[in-house]
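# Breakdown of the fold
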Amino acid sequence: YDVTSFYGLDEKKGLIYYQSAEVSPLERHVYSVKLNGKSKKKITKQAGTNSASFNNTFDYYTLNHSSVNKVNSYNVYNSKHKLVRKLEDNKAYASLQEKYNVQPVEFFQFKTSEDVTLNGWMIKPADFDPTKKYPVFMTQYSGPGSQQVTDSWKGMNYWWYQMLAQQGYIVVSVDN
């Protein structure tokens, strides 16, 4: 698996904190591990993308969590991983998603003719009928380190993609 961020070394406790894609290439979780490589612990519990920002003594950290269908939330935890304070839960976005009847982003995989497995996501129109043909809006970027298919919030593009789905398009992204 890939280590995607290094958060630091708590010299007092002998712990290294980092983020990795160990669970899935689509997800990111925060871990701690002792300097000897033992006692690895997954700190984050929620599926999706998690990132942390630790204070300089590693007594507290802010955890940012999102998933492909859930906007970011920000919370402060102590070194025992107990919630200290909710900073932002973005519940207003959840109500907007209900109000505008957004469609869930769905993940899929397929194998190419060269037997390579590729990951993708798709948003279908609300009245999707598998027996009909639909126009497809394919969004993709292939720059270095530019993974697009992640279980993370897509920002303002999310609403653009939802509008296209409401207009009858299937919106798709595939990492090459």
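The notes below deal with the structure included here.

Definitions and cut-offs
- Residues numbered from 1 in each chain as written.
- Predicted model: local features only at pLDDT ≥ 70, side-chain atom pairs only at ≥ 80, totals over all residues.
- Heavy atoms only, no water.
- Helix = DSSP H or I, 4+ residues; strand = E, 2+ residues; numbered from the N terminus.
- Buried < 20%, exposed > 50% of the residue type's maximum accessible area, 1.4 Å probe, protein only.
- Contact = heavy atoms within 4.5 Å.
- Lys, Arg positive; Asp, Glu negative; His and termini not counted.
- Charge placed at Lys NZ, Arg CZ, Asp CG, Glu CD.
- Phe/Tyr/Trp six-rings, centres within 6.5 Å; stacked < 30°, edge-to-face > 60°.
- Salt bridge = Lys/Arg side-chain N within 4 Å of Asp/Glu carboxyl O.
- Polar contact = N/O pair within 3.5 Å; in protein donor to acceptor, adjacent residues only side chain to side chain.
- Patch = residues over 30% accessible without salt bridge, like charges linked within 9 Å, V, L, I, M, F, W, Y side chains within 5 Å.
- Areas by Shrake-Rupley, 256 points an atom, 1.4 Å probe, with all protein chains shown as cover.
- Core = buried A, V, L, I, M, F, W, Y, C linked by side-chain atoms within 4.5 Å.

## Considerations on the overall build of the protein
Scanning the protein from N- to C-terminus turns up 2 helices and 12 strands. Going from the N terminus to the C terminus, the protein shows its helices and strands as β-β-β-β-β-β-β-β-α-β-β-β-α-β. In terms of principal-axis extent, the alpha carbons of the protein reach across some 60 × 45 × 25 Å. Going through the 176 residues of the protein one by one, you find that 42% of them count as buried. When contacts within the protein are restricted to residue pairs at least 6 apart in sequence, long-range pairs at least 24 apart make up 42% of them. Once the 21 positive and 16 negative side-chain charges of the protein are each reduced to a mean point, those two points are 8 Å apart.

## Some words on the packing of aromatic side chains
Tallied over the full model, the rule gives 15 aromatic pairs. When the centroid spacing of 4.5 Å and the interplanar angle of 35 degrees are considered together, the rings of Tyr17 and Phe54 count as tilted. Remark: Phe54 occurs in strand β5 (residues 49-54) and Tyr17 occurs in strand β2 (residues 15-20); sequence separation between them is 37 residues. The same class applies to Tyr17 and to Phe54, which are both buried.

## Concerning the environment of Trp160
Mapped onto the elements, Trp160 comes out in helix α2 (residues 156-166). Accessibility expressed as a relative area gives 42% for Trp160, which makes it partly exposed.

## Considerations on the side chain of Asp151
For Asp151, the location among the structural elements is in the loop between β11 (136-138) and α2. Here Asp151 occupies a buried position and makes no salt bridge, while the nearest side chain of opposite charge, Lys154, is found at 7.3 Å. A distance of 2.8 Å separates the side chain of Asp151 from the backbone nitrogen of Val68, its partner in a polar contact. Contacts of Asp151, omitting those with residues within four sequence positions, involve Leu26, Glu27, Ala47, Gly48, Thr49, Ser66, Ser67, Val68 and Phe107.

## A word on a nonpolar patch on the surface
A cluster of nonpolar side chains, namely Phe6, Leu9 and Leu35, defines an oily patch on the protein surface of about 310 Å² accessible area. With respect to the helices and strands, Leu9 occurs in strand β1 (residues 3-10).

## Structural notes on the nonpolar core
Counting residues in hydrophobic clusters, the biggest one holds 14 residues, and the most contacted among them are Val105, Trp121, Ile123, Tyr158, Tyr161 and Val171. Listing elements by their share of this core, those giving two or more residues are β10 (117-123) and α2. In terms of residue count, the dominant contributor to this core is α2 (4 residues). Setting aside its immediate chain neighbours within four residues, Tyr158 contacts Val68, Asn69, Gln97, Val102, Gln103, Val105 and Trp153.

## Focus on unusual backbone geometry
For Phe58, which is not glycine, the phi torsion reads 60 degrees and is therefore positive. Mapped onto the elements of the fold, Phe58 is located in the loop between β5 and β6 (60-67).

Keep in mind these values describe shape, not function.
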